[in-house]
Structures are given as C-alpha cells and as structure tokens.
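Residue-level listing of the chains:
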Amino acid sequence: MNLSRIPDIHLDEIPLPQRGSWPEAVHRFDKTSAAAVRAALAAQRPLLVRGEPGSGKSQLARAAAEVLERLFVAEVVHARSESQDLQWRFDALARLGDAQAMGAGHHSPEEVRERLDPRNYLSPGALWWVFDWSSAREQHKRGGRQTGRPQAPAGWTPDKGCVLLIDEIDKAEADLPNGLLETLGNGAFPVPWLDEPVRAAEGTPTPLVVITTNEERELPAAFLRRCLVLNLRLPKARDEFIAALIERGRLHFKDRCRKEVYDEAAEQLWRDRQAAEDQGVQGPGYAEYIDLLRVVVTLAADQDKQLALLEEVSAFALRKHPPANA
C-alpha cells in the first residue's frame, strides 16, 4: 500500500454515531494511537491494542472506521470462540431438522439434495464480510441463519474498505489466535463447500484489523510477532492521572458538569484506585469515571446539586471490591 494513500488522522474530537449495539460516543486520538493506526495500514498487519478494561481499546477501532470512512465490523470473542467462527458458521441442527421434516413428506431425491445443499446452511463470519462484502452478502441471503449482517453507514461502498474489531481475544484458547495467522497473512481462507477460497476482493483496501486484549491470558508468541502492538496505559503519577480523567470527562460531557464535579470525581477515583491496588485487585479507570459523571448529569441537571449527588453515588459507582477490613 502506498503510504501517500493513507490519510492523516487528526487529533480532533470524533463523534461516533450509534451502530447496532454500539452506543453513541466521542473519541479523540492522541499522537501515538493515530500513528499506530497509520502504521498498521501501511504494514498491512493487525494492530493489537493492550490495556485495562475501559481504556478505550474497542472505541479506537470504531473511531478509526469513522475517520477512514470505512465499514465497522465487530466480533466479540468468548471462551468457546474458535477461529473458524470468524470465517464462517454452519447450522448443522437446522439441516438435520429439515432432513427429518423432508423424510416425513413426499419429496423427490432431487428436491432433497437441493434443499439440503450445505451452502443453504452456511453463514458468513466477520472475516468473510471484510474480505469480500459482495460474496458475503450473497451467501447471507442464501444461508445466513446464524449471523447478522453488518450495518453499513449511508453512502458506504465496498471499495472504501473495512475495519474489523476482534474484541477481547484473550478470552479464547490459544488455538484462536494461532488459527488466525494464516488467514490474516494470506488474506484468504477455505470454506469446505465452496470451490474457491474466500479472499480479499480486488480493488478494495486491505482491511484494518484491530485486536484487543485485557491481558487475562498470554497470547502466543508467533501471533504477537505478526502484530503491531499499541499499549494504552493510564498515567501512574497522580496529577497526570487526574488530568487525563478530567480531559476524558470533558470530551464526553463538556459544560454539563461544573469544574468542581470533574475535579472531585477524579480525586475520588484516584483514592479508590489506590485502595484497590493496595488489595492487589484491579482499580477503577476511565470507564468508571465516565459512568460516574453520566449518573451525575442524568440525575442532577441542576449543577448546584451535582456535588452532593456525586458524594452519594461514588460509593457504589467506583468501589467494586469489598473493603480490606470486611
């Protein structure tokens, strides 16, 4: 890919509209994350984003799709996920049910073969959609029983490209990231009932693949070597940490909170974070700070009442673990 064709990513506020189950939000790239996205595009490698929950890993992928004017496709990994699930899924139970129903009726062998064709029960996975939108759309019409269709924004066409988010990959066994190596490296994967493999369509940009991890499980070394890695870390120093929280809060709520509310909420979160770390558990971060401010602005539109409400709700908005002396 020619680097001159990769657009700059400006450090402005980026409104993120609601897409499917993803709520409306606001994002701002810093220099490091913007450079990481451009580097992943240039290298045509996945971008692995590390960081604690609530640090903005998943939102970075949405923001990249918005800035690049690409389709955003997301797959949230769970403990039973396999690499094949990101490629295609086969509804064997539906096929068995249809076979039993047809066996009870009067159908010709030709009718049975046509109805029970495995391609009628084949659904495209996230990788299929971002590699070849057109063939995924046709297959979804034919057999898309198990997966939904990504929600394309108005005016989007496949030649604009896609951003694929593979969220929380550390929840799966090592077989999943290992199984993605060949697919992401070759830009193609086989499907048992198709004559040709699914591959990236000609004339479309290489998908930007953003993978997130909460560090719950160590990722295979071979997989890490094939990724660019962005570490999203909250500042360790108190003043820098509080300033980062306040900046993030103002990005979301602007003048809906008084300055004292932003400051006091950040101070409370810092104290509770230190107490949690003293217990050896994960302390609150960006996500809890935003949740706390959202409660305040929702329940107390009158800013004169926000500080009192903040004190009332912080005990259960921030403290996620029992007290040390409980």
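Predicted, not measured: the structure shown is a model, and the values here were computed from it. Along each chain, residue indices are assigned from 1 in the same order as the chain's sequence is written. With pLDDT at 70 or above as the cut-off, local features in this predicted model cover only qualifying residues; side-chain atom pairs require 80 or more to be listed or tallied, and sums for whole chains, interfaces and linings still use all residues. As a convention, hydrogens and water are excluded, and side-chain values are obtained from all of the structure's heavy atoms.

A.B. asks: When you look at the overall build of the protein chain in this model, what are you seeing that I'm missing?
C.D. replies: Along the protein chain, the regular secondary structure elements total 12 helices and 11 strands. Burial classification: accessible surface area is computed with a 1.4 Å probe over protein chains only, and a residue below 20% of its type maximum counts as buried, one above 50% as exposed, and the rest as partly exposed. Evaluated residue by residue, the protein chain yields a buried proportion of 45% over its 326 residues. Intrachain contacts of the protein chain at a sequence separation of at least 6 include 73% that bridge at least 24 residues. Residue exposure ignores everything except the shown protein chains as possible cover, and the areas themselves are Shrake-Rupley values with a 1.4 Å probe. For the protein chain, the exposed surface amounts to about 17,100 Å²; the carbon and sulfur share of it is 48%. The way it works is that DSSP assigns letters per residue, a run of H or I at least four long becomes a helix, a run of E at least two long becomes a strand, and they are numbered from the N terminus. Any two residues whose heavy atoms approach within 4.5 Å are treated as being in contact.

A.B. asks: Looking at this structure, how should I read the layout of surface pockets?
C.D. replies: The rolling of a water-molecule-sized probe over the atoms marks out the regions of remaining empty space. In the cavity and pocket records, a cavity denotes points on a 1 Å grid over the protein atoms alone where a 1.4 Å probe fits but cannot get out, a pocket denotes an open set with protein on both sides within 12 Å along at least 5 of 7 lines, and lining residues are residues with an atom within 4 Å of a point. Grid points are joined across faces, edges and corners, and a volume is the space filled by probe spheres set on the points. What the largest pocket holds in volume is close to 600 Å³. Forming the boundary of the largest pocket are 23 residues, of which G54, G56, S58, Q59 and A287 lie nearest the centre. For the lining of the largest pocket, the secondary structure elements donating two or more residues are α2 (57-68), α9 (238-253) and α11 (286-299). Looking at the lining of the largest pocket, the element that brings in the most residues is α11, giving five residues.

A.B. asks: I tried to follow the nonpolar core on my own but got confused; where do I start?
C.D. replies: In a soluble, globular protein the nonpolar side chains are often hidden away together inside. Residues grouped as a nonpolar core are buried Ala, Val, Leu, Ile, Met, Phe, Trp, Tyr and Cys residues, joined through side-chain atoms within 4.5 Å. In this structure, L127, W128, L164, I166, L180 and F189 are the most contacted members of the largest nonpolar core, which totals 32 residues. Ranked by the residues each element gives to this core, the list is headed by helix α5 (residues 126-131), at six residues. In this structure, I166 is in contact with E75, V77, L86, L180, V209, V210, I211 and T212, ignoring residues within four places of it in sequence.

A.B. asks: What am I meant to see in the pattern of salt bridges here?
C.D. replies: Close approach of charged atoms allows side chains of opposite charge to pair. A pairing counts as a salt bridge when a side-chain nitrogen of Lys or Arg comes within 4 Å of a carboxyl oxygen of Asp or Glu. A full pass over the atoms with the stated rule returns 24 salt bridges. Salt-bridge contacts for E52 lead to R273; the nearest nitrogen and oxygen are separated by 2.9 Å. Note that E52 is positioned in the loop between β3 (47-50) and α2 and R273 in helix α10 (residues 259-278), a separation of 221 residues in sequence. A single burial state applies to E52 and to R273, both of which are buried. Across the pair E277 and R273 runs a salt bridge whose closest N-O atoms are separated by 3.5 Å. Remark: R273 and E277 occur in helix α10; sequence separation between them is four residues, near one turn of the helix. Residue class for R273 comes out buried when judged on its relative accessible area of 7%. Within the structure, one salt-bridge network assembled from shared partners comprises E13, R28, E247 and K254.

A.B. asks: So what exactly am I meant to see when it comes to the packing of α9 against α10 here?
C.D. replies: For any two helices packed against each other, the geometry comes down to the angle between their axes and how far apart the axes lie. The N-to-C vectors of α9 and α10 enclose an angle of 130°; their axes lie 9 Å apart at closest approach. Classified by the angle their axes make, α9 and α10 are oblique. Regarding α9 and α10, the two cross each other, and that crossing is right-handed. On the side of α9, the interface is formed by R238, F241, I242, L245, I246, G249, R250 and F253, while α10 contributes K259, Y262, D263, A266, E267, L269, W270 and R273. Counted by class, the contact of α9 with α10 contains nine nonpolar, one polar and six charged residues. Every axis corresponds to a line fitted to the C-alpha atoms, with the helix fit spanning only the stretch in contact, and the corresponding angles, defined between N-to-C directions, vary from 0 to 180 degrees. For classification purposes, an angle smaller than 35 degrees is called roughly parallel, one larger than 145 roughly antiparallel, one from 65 to 115 roughly perpendicular, and anything else oblique. Working rule for handedness: look at the near helix, and if it is turned counterclockwise from the far one by less than a right angle, call the crossing left-handed; if clockwise, right-handed. Residues were grouped as follows: Ala, Val, Leu, Ile, Met, Phe, Trp, Tyr, Cys and Pro as nonpolar; Asp, Glu, Lys and Arg as charged; and all remaining residues, including Gly, as polar.

A.B. asks: Any chance you could explain the packing of aromatic side chains here in plain terms?
C.D. replies: Ring pairs are drawn from Phe, Tyr and Trp, using the six-membered ring of Trp, whenever the two centres fall within 6.5 Å, and their geometry is named by plane angle: stacked under 30 degrees, edge-to-face over 60, tilted for the rest. Within the structure shown, the criterion is met by nine aromatic pairs. Measuring from centroid to centroid gives 5.6 Å for W22 and F72, while their planes differ by 80°, and the two rings are edge-to-face. Here the residue W22 occupies a position in the loop between β1 (13-16) and β2 (25-28), and F72 occupies one in strand β4 (residues 71-76), the gap between them amounting to 50 residues. Judged by centre distance (5.4 Å) and plane angle (80°), the rings of W88 and W193 are edge-to-face. Placement of the pair is W88 in strand β5 (residues 88-90) and W193 in the loop between β8 (188-189) and β9 (198-199), with a sequence separation of 105 residues. In textbook terms, an aromatic cluster arises when at least three aromatic residues are bridged by ring pairs, as seen for W88, F90, Y121 and W193. Across from the ring centre of Y286, 3.8 Å away, lies the NZ or CZ of R248, which sits over that ring. Two conditions define a charge located above a ring, namely a distance within 6 Å from the ring centre to NZ of Lys or CZ of Arg, and an angle within 35 degrees of the ring normal.

A.B. asks: What's the story with the sheet that holds strand β7 (residues 162-167) in this structure? I'm lost.
C.D. replies: Either a parallel or an antiparallel arrangement is found when strands of a sheet pair, and the pairing is made through backbone hydrogen bonds. For two strands to be treated as a pair, DSSP must find no fewer than two bridges joining them. Taken together, the five strands give an open sheet; going across it, the order is β4-β7-β10-β3-β11, and neighbouring strands pair in parallel fashion. A strand with exactly one partner marks an edge of an open sheet, and here the two such strands are β4 and β11 (228-231). Shown here is a sheet whose adjacent strand axes are inclined to one another by a mean of 20°, direction ignored.

A.B. asks: Explain the packing of α9 against α11 to me, please; I cannot follow it from the model alone.
C.D. replies: Axis separation between α9 and α11 bottoms out at 10 Å; the angle between their running directions is 45°. The pairing of α9 with α11 is recorded here as oblique in orientation. Judged by the sense of rotation from one axis to the other, the crossing of α9 with α11 is right-handed. Contacts from A244, L245, I246, R248, G249, H252 and F253 in α9 reach Y286, Y289, I290, L293, R294 and V297 in α11. Its residues assigned to classes, the contact of α9 with α11 shows nine nonpolar, two polar and two charged.

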